[in-house]
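# Tertiary structure, described
If you want the building blocks of each chain, they are given just below.
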Amino acid sequence: FAATTLDWPVLQALSVDTGAILASGLGLAGRIYRATFADSQPQQLSTTSAPTGGIAVLADGSMIVPEAGGSVSRWPAAESSVPIWRTSVSGNARSPMIMVAPTQAIIPTDAGMVHALRADGTVAWSGQLSSGTAALQPGNVFTYDATPGAERSLAYFAGSDGWLHAVIVDGKLDGSAPWPKAFHDPANTN
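Residues numbered from 1 in each chain as written. Predicted model: local features only at pLDDT ≥ 70, side-chain atom pairs only at ≥ 80, totals over all residues. Heavy atoms only, no water.

The subject of this paragraph is the pattern of salt bridges. Inspection of every chain in the model, using the stated rule, returns two salt bridges. When the shortest N-O distance is used, the salt bridge between glutamate 67 and arginine 86 registers 2.9 Å. Linking glutamate 67 in strand 6 (residues 63-67) with arginine 86 in strand 8 (residues 85-88), this pair joins segments that are 19 residues apart in sequence. (Salt bridge = Lys/Arg side-chain N within 4 Å of Asp/Glu carboxyl O. Helix = DSSP H or I, 4+ residues; strand = E, 2+ residues; numbered from the N terminus.)

Let us look at the environment of serine 88. Mapped onto the fold, serine 88 is located in strand 8. Judged by relative accessible area, serine 88 falls into the exposed class, the value being 60%. The sequence separation of serine 88 and glycine 121 amounts to 33 residues, and the corresponding C-alpha distance is 9.4 Å. With near-sequence residues (within four places) excluded, serine 88 lies in contact with Gly70, Ser71 and Val123. (Buried < 20%, exposed > 50% of the residue type's maximum accessible area, 1.4 Å probe, protein only. Contact = heavy atoms within 4.5 Å.)

Turning to the pairing of strand 7 (residues 71-75), a few remarks are in order. Most of strand 7 sits inside the fold, with five of its five residues counted as buried. Burial along strand 7 is two-sided: Ser71, Ser73 and Trp75 facing one way and Val72 and Arg74 facing the other are all buried. Inspection of the sheet shows strand 6 paired to strand 7 by five bridges, in the antiparallel sense. Looking across to strand 7, one finds that isoleucine 64 is bridged to arginine 74. What sits between strand 6 and strand 7 in their antiparallel hairpin is a turn of three residues, with glycine 69 showing a positive phi close to 90 degrees. Direction of pairing for strand 7 relative to strand 8: antiparallel, over a ladder of four bridges. The residue of strand 8 that forms the bridge with valine 72 is threonine 87. (Pairing = 2+ DSSP bridges.)

The next subject is the pairing of strand 14 (residues 152-158). Across the two faces of strand 14 the burial differs, with Ser153, Ala155 and Phe157 buried and Arg152, Leu154, Tyr156 and Ala158 not buried at all. Where strand 14 lies against strand 15 (residues 164-170), seven bridges are found, and the strand directions are antiparallel. Note on strand 15: the bridge partner recorded for arginine 152 is aspartate 170. Two successive antiparallel strands, strand 14 and strand 15, enclose a turn made up of five residues, where glycine 162 displays a positive phi of approximately 90 degrees.

This next bit is on the sheet that holds strand 5 (residues 56-57). Here we have four strands laid out as an open sheet, ordered 5-6-7-8, and antiparallel in their pairing. Edge positions in the sheet fall to strand 5 and strand 8, since each has one partner strand and no second.

A few words on the sheet that holds strand 10 (residues 105-108). With respect to topology, four strands assemble into an open sheet ordered 9-10-11-12, the strand pairing being antiparallel. What marks the edges here is a single partner per strand, and that holds for strand 9 (97-98) and strand 12 (123-128). Relative to strand 10, strand 9 runs antiparallel, the two being bridged by two bridges. For methionine 97, the partnering residue across the bridge sits in strand 10 and is isoleucine 106.

Okay, structure coming up:
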């Protein structure tokens, strides 16, 4: 992968897609760029609100982007000026965790809320975890019930209130989503 220069600062964590690196940052608005390993010249995919967390990449290559101003959007894998959907959340969203149905993404916010989104962007459930509006950090998931068809997991979120919060969720991390890697390793092995 050759070095490349962008015309704006990268403010959030880089994301990795199949054969490419995704970056988000600030310009006149938030921009999402993809640079492939074969050709390091960045290609702009979309312009959105300033990102407030890392980009999550789904199995089909589409991206879920946490945005400033209390929204989360899903963008197609190809260049687009229109998101597939945009949903309002309470506070600025952090990096999402991609799940296997019934919910597609679990997203904490800097207002102490956690939201579960369905594949169409509608909110499946949400709740206040931290006292007041203490920010939650990006989460992690531990799947504890491996019974086929009845998988349950614990989603963990560190809060700026000094508490580690745990929420029982249906489903598990999606090992087929390129980023973030399920269980934090390239083989998705838990």
